[in-house]
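Spelled out from the first residue to the last, the chains are:
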Amino acid sequence: MTRIETVDGATAASYTDGVFAVYDTVFGDRPDQLVWREQLFDRHRRRSGFRLALALDADRVLGFSWGYRGARGQYWPDLVARTLPDVGAEWVGDHFEFVELAVEPEARRHGFGRRLHDALLDGLTGRALLGTSADDADPAVRLYQSRGWRTLGLLDGERRVMGVRLPTTSS
Ligand SMILES: CC(C)(COP(=O)(O)OP(=O)(O)OC[C@H]1O[C@@H](n2cnc3c(N)ncnc32)[C@H](O)[C@@H]1OP(=O)(O)O)[C@@H](O)C(=O)NCCC(=O)NCCS
């Protein structure tokens with residue numbers, strides 16, 4: 001039986017192996033788990049407002065999404081503000097940063113991506129930002145658009161910035 005669960009940064013540590021396995025299959029852009037933890041997972045899960053949503057089949061991780069409270073002084077918000085000053089002025093700072101979303105290839109097109117997206121944002125208010133592909137046909141772009149995100153600008157030929165205003169009352 002599959003389920004979606006959302007955990008905080010401390011609890012996220014116990015899912016390290018499962019999340020890395022999916023991350024490595026889907027993105028494969030870090031040499032090993034240690035580097036991934038240092039550069040991404042452990043760094044991010046200590047940030048303010050971090051949450052991790054998991055799609056689980058018993059204890060096996062099928063997919064995940066994570067994010068945290070974004071702030072000036074962090075690499076990506078600063079890059080957005082520098083590259084797209086109008087977006088920076090209106091959107092960057094005390095926003096929720098939607099950082100990662102991935103579903104293992106065999107589990108796709110069963111609604112996990114959408115459920116992970118919704119679980120990650122559930123109960124949050126204010127502005128949320130993410131960076132994703134500039135390609136309109138990209139599945140993630142389609143998913144984000146279908147959940148109300150709009151394109152705020154392009155960072156370069158390959159990456160776009162998207163934003164959404166979250167409901168003012170929690171669900
Ligand atoms: C993006 C991703 C998470 C979607 O996961 P998923 O579980 O297949 O998504 P869902 O089944 O919940 O689909 C939700 C919506 O996304 C869109 N979508 C998903 N896969 C799609 C595809 N292959 N082509 C077009 N649209 C697609 C559709 O709008 C879909 O709604 P629909 O089924 O009503 O048409 C998954 O494809 C993935 O892991 N991709 C690689 C990692 C990635 O790109 N992450 C985002 C980085 S910013």
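Attention in this report is confined to the structure presented alongside it. Model, not experiment: these values are computed from the prediction.

## Considerations on the packing of aromatic side chains
Here's step 1: All told, the structure shown has 11 aromatic pairs when counted by the stated rule.
Here's step 2: When the centroid spacing of 5.0 Å and the interplanar angle of 55 degrees are considered together, the rings of F20 and W36 count as tilted. Of this pair, F20 sits in helix 2 (residues 16–26) while W36 is found in helix 3 (residues 33–45), placing the two residues 16 residues apart along the sequence.
Here's step 3: Among the residues examined, F20 registers a relative accessible area of 11% and is labelled buried.
Here's step 4: Look at W36 and you get buried, because its relative accessible area is 0%.
Here's step 5: With centroids separated by 6.5 Å and ring planes inclined at 40 degrees, the aromatic side chains of F50 and W66 adopt a geometry described as tilted. In this pair, F50 is assigned in the loop between helix 3 and strand 2 (51–57) and W66 in strand 3 (residues 60–70), connecting sequence segments 16 residues apart. Each member of the pair, F50 as well as W66, carries the same accessibility label: buried.
Here's step 6: Through successive ring pairs, a cluster of aromatic residues spans F20, Y23, F27, W36, F41, F50, F64 and W66.

## Focus: the side chain of D42
Here's step 1: With respect to the helices and strands, the residue D42 is situated in helix 3.
Here's step 2: A polar contact is formed between the side chain of D42 and the side chain of R37, at a distance of 2.8 Å.
Here's step 3: Within the structure, D42 has its side chain in polar contact with the side chain of R45 (distance 3.0 Å).

## A look at the pattern of salt bridges
Here's step 1: Counted under the stated rule, the structure contains 10 salt bridges.
Here's step 2: A salt bridge links D29 to R30; the shortest N-O distance between them is 3.4 Å.
Here's step 3: Classification of D29 as partly exposed rests on a relative accessible area of 42%.
Here's step 4: Measuring nitrogen to oxygen at the nearest pair gives 3.6 Å for the salt bridge that ties D94 to R69. Taken together, the residues D94 in the loop between helix 5 (85–91) and strand 4 (95–103) and R69 in strand 3 connect sequence positions 25 residues apart.
Here's step 5: Judged by relative accessible area, D94 falls into the exposed class, the value being 52%.
Here's step 6: Several salt bridges converge on common partners, so that one network encompasses R37, D42 and R45.

Parameters and conventions
- Sequence order as written defines the numbering, with residues in each chain counted from 1.
- Local features in this predicted model are restricted to residues of pLDDT 70 or higher, and side-chain atom pairs are both shown and tallied only at a pLDDT of 80 or more, whereas totals for entire chains, interfaces and linings draw on every residue.
- As a rule here, side-chain values cover all heavy atoms of the structure and leave hydrogens and water aside.
- Side-chain rings of Phe, Tyr and Trp, where Trp is taken by its six-membered ring, are said to pair if the distance between their centres is within 6.5 Å; with planes under 30 degrees apart they count as stacked, over 60 as edge-to-face, and otherwise as tilted.
- Helical segments are the DSSP runs of H or I of at least four residues, strand segments are the runs of E of at least two, and each set is numbered from the N terminus.
- Type-normalised accessible area, obtained with a 1.4 Å probe on protein chains alone, sets the label of each residue: buried when under 20%, exposed when over 50%, and partly exposed for intermediate values.
- Counted as a polar contact is a pair of N or O atoms within 3.5 Å, where, for protein atoms, one must be capable of donating a hydrogen and the other of accepting one, and residues adjacent in sequence contribute only when both atoms are in side chains.
- The salt bridge criterion pairs a side-chain nitrogen of Lys or Arg with a carboxyl oxygen of Asp or Glu, the two atoms within 4 Å.

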